[in-house]
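The lines below spell out each chain.
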Amino acid sequence: MNPALPLSDAVFALTFALLMLAPLAIAGVALINTGLGRSRSAAQALLGNLAILAVAAIVFALLGSALAGVPSATACCTGHTFQLAGKPWNWLGAGPMLLSGFASSQPLSQLAVLFEFLAVAMAAMLPWGSGMDRWRLTAGCAAAAVTAAIVFPLMAHWIWGGGWLSQLGVNFGLGAGFIDGGGAATVHVLGGLSALAVIWIAGPRKGKFPKDGLATALPGHNAVYVVFGCLLALVGWLAWNVAGAVLWLHAPLAALPVIAVNTLLAASGAIAATFAVTRVRFGKPDASLCANGWLAGLVASTACAGIVTPAESILVGLVAGIVTPLLVELLELALSIDDPSGAITVHAAGGLWGLVAAGLFAPLAGQLVAQLVGIAALLGVVLPLVYLLFAVLNRVHAFRVDPDGERIGMDLHELGGGAYPEFVIHRDESYR
Amino acid sequence: MKYAGLLVMPAGFFLSIAAVILFPAPAPRAAFVLCGLAVEGLGLAVAVRGHMEARGERRP
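From a predicted model like this one, the values you see are computed outputs, not experimental measurements. (Residues numbered from 1 in each chain as written. Chains lettered and ligands numbered in written order. Predicted model: local features only at pLDDT ≥ 70, side-chain atom pairs only at ≥ 80, totals over all residues. Heavy atoms only, no water.)

S.K.: Just to check I follow, could you spell out the overall build of chain A for this structure?
M.R.: Helices and strands together make up the secondary structure of chain A, namely 15 helices and two strands. Its C-alpha atoms give chain A a radius of gyration of 21 Å, within 12% of the compact-globule value 22 Å for 432 residues. Judged by the C-alpha coordinates and their principal axes, chain A covers about 65 × 45 × 40 Å. Residue burial in chain A is summarised as follows: out of 432 residues, 58% are buried. Of the accessible surface of chain A, which amounts to about 15800 Å², a share of 70% is contributed by carbon and sulfur atoms. (Helix = DSSP H or I, 4+ residues; strand = E, 2+ residues; numbered from the N terminus. Rg over C-alpha atoms; globule rule 2.2 N^0.38 Å. Buried < 20%, exposed > 50% of the residue type's maximum accessible area, 1.4 Å probe, protein only. Areas by Shrake-Rupley, 256 points an atom, 1.4 Å probe, with all protein chains shown as cover.)

Now the structure itself:
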């Protein structure tokens, strides 16, 4: 990782323009998740993405940004710190509340906060896809508020705000400290683990796991949404990874085209591998699994696009693409985990693989150990913390819709109207 | 059982932190960090197992 330097006007303009394109990644994921759900819950699913984005942005502005701290060139000196083994452990940010002073802060800090707004929106949105068809909209918004207020700021500070994970290199000689250029940990692994917590709490969709026999297939309702979402996500991801590399890895301008190429190659390698695996496994390639493979490649690239070579990027994508369909099947058939959008596989597993790959291919000694310590923090702190917070929230405001709502669909139950009022919705066999 | 698994996971995290602090040499440090991750994996496996058992009991 290069040292942080004041941004030139050109780099500021470029990064700002990229951050204006990055929301396309959010739009793509929202479209994919909606397409993977059922037609009778499509409007609620897409509106839920918007609502969660809004709640996450407001809560992050009010509270989360203060706990995340304001990233800057001198970020190592801000935040709450304790001493252990003679080293400072910066564990919580101490930024200004309500974004006060934001307009007059350094350009680098302003762009970093803007990036964090997009990151928190994406992280809060990912579990929504996994809770589709049974998660109440208001409960989803409440969970987004918890994520934006507590969990995301904690991780963002540890990794991007000069926290202890980012200082592992300085304090313990572990490479450049924990590296996460595009938010594989703070966004995708966090979102994927939150999805697991939601699925555990809300339970599977009705009829998904009958008492006798195998799990029932509940296919997505619109493959066009899913595949178009993949294309949309690519544009957003290219901008996201390049902007992240400028902000968090301080990549020079000359390195940016390679990062964009690596992002594309990782996704391409992943979808090629998923295409081959599903072709061998089922006789024909599966559109929704291929889309998940593509997305898993993008997610893996989020962690390592700024570090690996193009050839290594293809390898990263291939591994992500092979693992994705196998893990989707394992979770559903062997572990009784009903994840309609595949967020656990795509975002949690894909993100974890990307973080490991960043350590494996980084030139600095000790980088792999730094990455593994970061992964230990994600699994050992984030998952239990998110599950605890969501379980408490579920006691206050139940996540799962009542059985009648699940029977008629979330659109009619929660919004009073369907997404496709002029189309006949097929009768669901599982509710006979 | 799920809560037991989720309680084991932070123990793995603290093992990894202890490895970073206590072992300056790269090999034992990496080995103990991996041990911490293995403990977390064990906790996750127990939590998943707990989830599956709970599902089996509640299945209609």
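After that view, the rundown keeps rolling.
S.K.: For this particular structure, what's the right way to read the overall build of chain B?
M.R.: For chain B, the count of helices and strands is two helices and zero strands. Residues counted as buried form 35% of the 60 residues belonging to chain B. Taking all contacts inside chain B whose residues are at least 6 apart in sequence as the whole, residues at least 24 apart take part in 64%. Total accessible area on chain B is roughly 3200 Å²; 76% of this is exposed by carbon and sulfur atoms. (Contact = heavy atoms within 4.5 Å.)

S.K.: Explain the interface of chain A and chain B to me, please; I cannot follow it from the model alone.
M.R.: Note: interface size is frequently given as the accessible area lost on complex formation between the parts. With 30 residues of chain A at the interface, the matching set in chain B holds 24 residues. Taking both sides of the interface into account, the surface hidden between chain A and chain B amounts to around 2500 Å²; carbon and sulfur atoms contribute 76%. Of all residues in chain A, Trp200(A), Leu372(A) and Tyr387(A) give up the largest surface area on contact with chain B, accounting jointly for 22% of the area buried on that side. At the boundary of chain A with chain B, the tally comes to zero salt bridges. The interface formed by chain A and chain B holds four residue pairs in polar contact (both at pLDDT 80 or more) in total. Of all the secondary structure elements, the ones that give two or more residues to the side of chain A that touches chain B are helix H6 (168-172), helix H7 (184-202) and helix H13 (367-396) of chain A. Per element, the largest residue contribution to the side of chain A that touches chain B is 13 residues, and it comes from H13(A). When the residues that make up the side of chain A that touches chain B are grouped by side-chain class, the tally is 27 nonpolar, two polar and one charged. (Buried area = accessible area lost by both parts, 1.4 Å probe. Salt bridge = Lys/Arg side-chain N within 4 Å of Asp/Glu carboxyl O. Polar contact = N/O pair within 3.5 Å; in protein donor to acceptor, adjacent residues only side chain to side chain. Nonpolar A, V, L, I, M, F, W, Y, C, P; charged D, E, K, R; others polar.)

S.K.: How do you make sense of the packing of helix H4 (residues 107-130) of chain A against H7(A) when you look at a structure like this?
M.R.: Helix packing for two helices is described by the angle between their axes and how far apart those axes are. Residue and element names in this part refer to chain A. The interhelical angle for the contact between H4 and H7, taken along N-to-C directions, is 30 degrees, at an axis separation of 8 Å. Taken together, the axes of H4 and H7 lie roughly parallel to each other. Every pair of crossing elements has a handedness; the one defined by H4 and H7 is right-handed. On the side of H4, the interface is formed by Ala119, Met122, Ala123, Leu126, Pro127 and Ser130, while H7 contributes Thr186, Val187, His188, Leu190, Gly191, Ser194, Ala195, Val198 and Ile199. Across the contact of H4 with H7, the residue classes break down as 10 nonpolar, five polar and no charged. (Axes fitted to C-alpha atoms, helices over the stretch in contact; angles between N-to-C directions. Parallel < 35°, antiparallel > 145°, perpendicular 65-115°, else oblique. Left-handed = near helix turned anticlockwise from the far one by under 90°.)

S.K.: How should I be thinking about the packing of aromatic side chains in this particular structure?
M.R.: Each pair of aromatic rings is reported with the distance of its centres and the angle of its planes. Across all of its chains, the model carries 19 aromatic pairs over all chains by this definition. Ring plane angle 55 degrees and centroid distance 5.6 Å describe the contact between Trp89(A) and Phe172(A), whose orientation is recorded as tilted. Of this pair, Trp89(A) sits in strand E2 (residues 87-92) while Phe172(A) sits in helix H6; the two residues are 83 residues apart in sequence, bridging distant segments of the chain. A single burial state applies to Trp89(A) and to Phe172(A), both of which are buried. Ring centres of Trp128(A) and Trp135(A) lie 5.6 Å apart, and the angle between their planes is 40 degrees; on these two criteria the pair is classed as tilted. Neither residue differs from the other here; Trp128(A) and Trp135(A) are each classed as buried. An aromatic cluster of at least three residues, connected via ring pairs, comprises Phe82(A), Trp89(A), Trp158(A), Trp164(A), Phe172(A), Phe13(B) and Phe14(B). (Phe/Tyr/Trp six-rings, centres within 6.5 Å; stacked < 30°, edge-to-face > 60°.)

S.K.: I tried to follow a nonpolar patch on the surface on my own but got confused; where do I start?
M.R.: Side chains of Ile314(A), Leu315(A), Leu318(A), Ile322(A), Val323(A) and Leu326(A) sit close together on the surface and give an oily, nonpolar patch of about 450 Å² of accessible area. Along the chain, the position of Leu318(A) falls in helix H11 (residues 310-334). (Patch = residues over 30% accessible without salt bridge, like charges linked within 9 Å, V, L, I, M, F, W, Y side chains within 5 Å.)

S.K.: Even after reading the chapter, I still don't get unusual backbone geometry, so can you show me in this structure?
M.R.: Most peptide bonds are trans, and most residues other than glycine sit at a negative phi. All names here are of chain A. Of note in this structure, His250 is not a glycine but carries a positive phi near 55 degrees. Summarising the element assignment, His250 is placed in the loop between helix H8 (223-248) and helix H9 (256-282). In this structure, Ser336 is a non-glycine residue whose phi angle is positive, near 55 degrees. For Ser336, the position within the fold is in the loop between H11 and helix H12 (343-361). By relative accessible area, which is 11% here, Ser336 ends up buried.

S.K.: Before we go on, may I ask you to explain H8(A) in this structure?
M.R.: Each α-helix winds once per 3.6 residues, and so residues spaced three or four apart point in a common direction. Residue and element names in this part refer to chain A. Taking 1.5 Å of rise per residue, the 26 residues of H8 would be expected to cover 38 Å, and the 35 Å separating its terminal C-alpha atoms lies within 8% of that figure. For H8, the side-chain oxygen to backbone nitrogen distance between the N-cap and Val224 is 3.0 Å, and the N-cap itself is Asn222. The first or second residue beyond H8 is His250, which carries a positive phi of 55 degrees. (Expected span 1.5 Å × (residues − 1).)

S.K.: Looking at this structure, how should I read the nonpolar core?
M.R.: Across soluble globular proteins, nonpolar side chains have a tendency to be buried as a group. One finds Met122(A), Trp164(A), Trp240(A) and Phe399(A) to be the most contacted residues of the largest nonpolar core, which totals 146 residues. Not counting residues up to four positions away in its chain, the partners in contact with Trp164(A) are Trp89(A), Asn90(A), Trp91(A), Trp158(A), Val373(A), Ala377(A), Phe13(B) and Ile17(B). (Core = buried A, V, L, I, M, F, W, Y, C linked by side-chain atoms within 4.5 Å.)

S.K.: Looking at this structure, how should I read the confidence of the model for chain B?
M.R.: Overall, the prediction assigns chain B a mean pLDDT of 92, with 93% of residues at 70 or greater. Of the two predicted TM-score estimates for the complex, the pTM is 0.95 and the ipTM is 0.96. (pLDDT = per-residue confidence, 0-100.)

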